[in-house]
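# Working through the structure, step by step
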Amino acid sequence: QVQLVESGGGLVQAGGSLRLSCARSGGTLSNYNMGWFRQAPGKEREFVARITWSGGSTSYSDSVKGRFTISRDNAKNTVYLQMNSLKPEDTAVYYCAADQRYNGYSTRLYQYWGQGTQVTVSS
């Protein structure tokens, strides 16, 4: 079982920045593709960003491209999401997820999930 814990969420003004972290406490993440997803109240969970196990390939949703950066430190078993130029529409619970089989963008392709961290952007 892969247990993931997100941290770094909070309240920030529009235009500000936050850095989210996702860590596996009891094992390595080096063999997993990792993704960040978010879910606003009343909406479906949506893809935000992904990174391959080696960190050699990253992808972003159109809504965050150019503002968010996903990265990883396999030595620390941690994945990061740097969020800059935040907008009120970025407000959501942000989840990290791990995938050992695929390299995709759909929630159904990820086997392990954290419990989320709240990001609120005020205007």
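Relevant structure appears above.
What counts and what doesn't
- Residues numbered from 1 in each chain as written.
- Predicted model: local features only at pLDDT ≥ 70, side-chain atom pairs only at ≥ 80, totals over all residues.
- Heavy atoms only, no water.
- Buried < 20%, exposed > 50% of the residue type's maximum accessible area, 1.4 Å probe, protein only.
- Helix = DSSP H or I, 4+ residues; strand = E, 2+ residues; numbered from the N terminus.
- Pairing = 2+ DSSP bridges.
- Axes fitted to C-alpha atoms, helices over the stretch in contact; angles between N-to-C directions.
- Disulfide = S-S within 2.5 Å.

### Digging into the pairing of strand β1 (residues 4–7)
- Alternating residues of β1 divide into L4 and E6, all buried, and V5 and S7, none buried.
- As judged from the 4 bridges shared by β1 and strand β3 (residues 18–24), these two strands associate in the antiparallel manner. Residue pairing across strands places V5 opposite A23, the latter belonging to β3.

### Structural notes on the sheet that holds β3
- Strand order across the open sheet formed by 4 strands is β1-β3-β8-β7, with antiparallel pairing between neighbours. Where the open sheet ends on each side, the last strands, each with one partner, are β1 and β7 (68–73). Ignoring strand direction, the axes of neighbouring strands in this sheet form an average angle of 15°.
- Bridging between β3 and strand β8 (residues 78–83) involves 6 bridges; their strand directions are antiparallel. Across the sheet, residue L18 finds its bridge partner in β8, namely M83.

### Here we look at the state of the cysteines
- Scanning all chains against the criterion turns up 1 disulfide.
- Put simply, C22 and C96 are joined by a disulfide, and their sulfur atoms are 1.9 Å apart. Here the disulfide of C22 and C96 is right-handed, its torsion about the S-S bond being about 60°. Linking C22 in strand β3 with C96 in strand β9 (residues 92–99), this pair joins segments that are 74 residues apart in sequence.

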